[in-house]
Amino acid sequence: MADDKRLRGALGLAMKAGKCSAGDFACEKLVKGGGARLALLDAGASDNTKDRYRGMCVRGGIPLLEVEDLGNAIGKPGRMIAVVTDEGFKKLILSAHRENDTGVE
């Protein structure tokens, strides 16, 4: 559970630092435009949303992680998608996610 806390802390920190964008329109623009370094998808998102972002991320070569209750973790309840735009935060979040052992896609 401590690792989940580390992951959620890293997500919140990225958002506060302005290195994370949330919401469908902004995230799609960043993924397609090459500004995204890491995509984060809420585990409760619809299958259609998951399939859409998986396809976009594969085409763009961007790692995609599923996170439980993503919106609350980034301080924006209800958001189902977020992207990290900074390489340093990408590494921090991936490291915390691996330690959490939830499976990187």
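Residues numbered from 1 in each chain as written. Predicted model: local features only at pLDDT ≥ 70, side-chain atom pairs only at ≥ 80, totals over all residues. Heavy atoms only, no water.

Undergrad: Looking at this model, I keep getting lost on the nonpolar core. Mind explaining?
TA: One broad rule of soluble globular proteins: the nonpolar side chains tend to lie buried together. Counting residues in hydrophobic clusters, the biggest one holds 20 residues, and the most contacted among them are Leu11, Leu38, Leu40, Leu70, Ile74, Ala82 and Ile93. Every element with two or more residues in this core is listed here: helix 1 (2-16), strand 1 (20-22), strand 2 (38-42), strand 3 (64-67), helix 4 (70-73), strand 4 (81-84) and helix 5 (87-100). In terms of residue count, helix 1 provides more of this core than any other element does, 5 residues in total. Those residues in contact with Leu70 that lie beyond four places of it in its chain are Leu11, Leu40, Leu41, Asp42, Arg79, Met80, Ile81 and Ala82. Ranked by size, the runner-up nonpolar core spans 13 residues in total, among them Leu41, Ala45, Ile62 and Ile81. (Core = buried A, V, L, I, M, F, W, Y, C linked by side-chain atoms within 4.5 Å. Buried < 20%, exposed > 50% of the residue type's maximum accessible area, 1.4 Å probe, protein only. Helix = DSSP H or I, 4+ residues; strand = E, 2+ residues; numbered from the N terminus. Contact = heavy atoms within 4.5 Å.)

Undergrad: Explain the sheet that holds strand 3 to me, please; I cannot follow it from the model alone.
TA: Within a sheet, each strand pairs with its neighbour through backbone hydrogen bonds, oriented either parallel or antiparallel. Spatial ordering of the open sheet is given by 1-4-2-3, a layout of 4 strands whose pairing is mixed. Two strands bound the open sheet, and with one partner strand each, they are strand 1 and strand 3. Across the sheet, the mean angle from the axis of one strand to that of its neighbour is 25 degrees, orientation sign disregarded. Both strand 2 and strand 3 contribute to a ladder of 4 bridges, which runs parallel. What sits directly across from Asp42, in strand 3, is Val67. In the packing of helix 2 (residues 24-33) onto the sheet, contacts are made with strand 1 and strand 4, and the angle to strand 4 comes to roughly 40 degrees. (Pairing = 2+ DSSP bridges. Axes fitted to C-alpha atoms, helices over the stretch in contact; angles between N-to-C directions.)

Undergrad: What is the right way to read unusual backbone geometry from this model?
TA: Trans is the prevailing form of peptide bonds, just as negative phi is the prevailing case for residues other than glycine. Its identity as a non-glycine residue notwithstanding, Asp69 has a phi of 55 degrees, on the positive side. Residue placement: Asp69 occurs in the loop between strand 3 and helix 4. Using a relative accessible area of 36% as the deciding quantity, one classes Asp69 as partly exposed.

Undergrad: It is not clear to me how the side chain of Lys90 should be interpreted in this structure. Could you clarify?
TA: Within the fold, Lys90 resides in helix 5. Taking relative accessible area as the criterion, Lys90 reaches 17% and is therefore assigned buried. When residues no more than four places from it in sequence are discounted, the contact partners of Lys90 are Arg37, Leu38, Pro63 and Val84.

Undergrad: What should I look at first to understand the pattern of salt bridges in this one?
TA: A side chain with one charge may pair with a side chain of the opposite charge, provided their charged atoms come close. In total, this model carries 10 salt bridges according to the counting rule given. The salt bridge involving Arg54 is made with Glu66; its shortest N-O contact spans 2.7 Å. Linking Arg54 in helix 3 (residues 47-60) with Glu66 in strand 3, this pair joins segments that are 12 residues apart in sequence. Residue classification places Arg54 among the partly exposed positions, given a relative accessible area of 29%. Note that Glu87 is salt-bridged to Lys90, the shortest N-O span being 3.6 Å. With Glu87 and Lys90 both in helix 5 and 3 residues apart, this pair spans about one turn of that helix. In this structure, a network of salt bridges that share partners links the residues Asp24, Glu28, Lys32 and Arg52. (Salt bridge = Lys/Arg side-chain N within 4 Å of Asp/Glu carboxyl O.)

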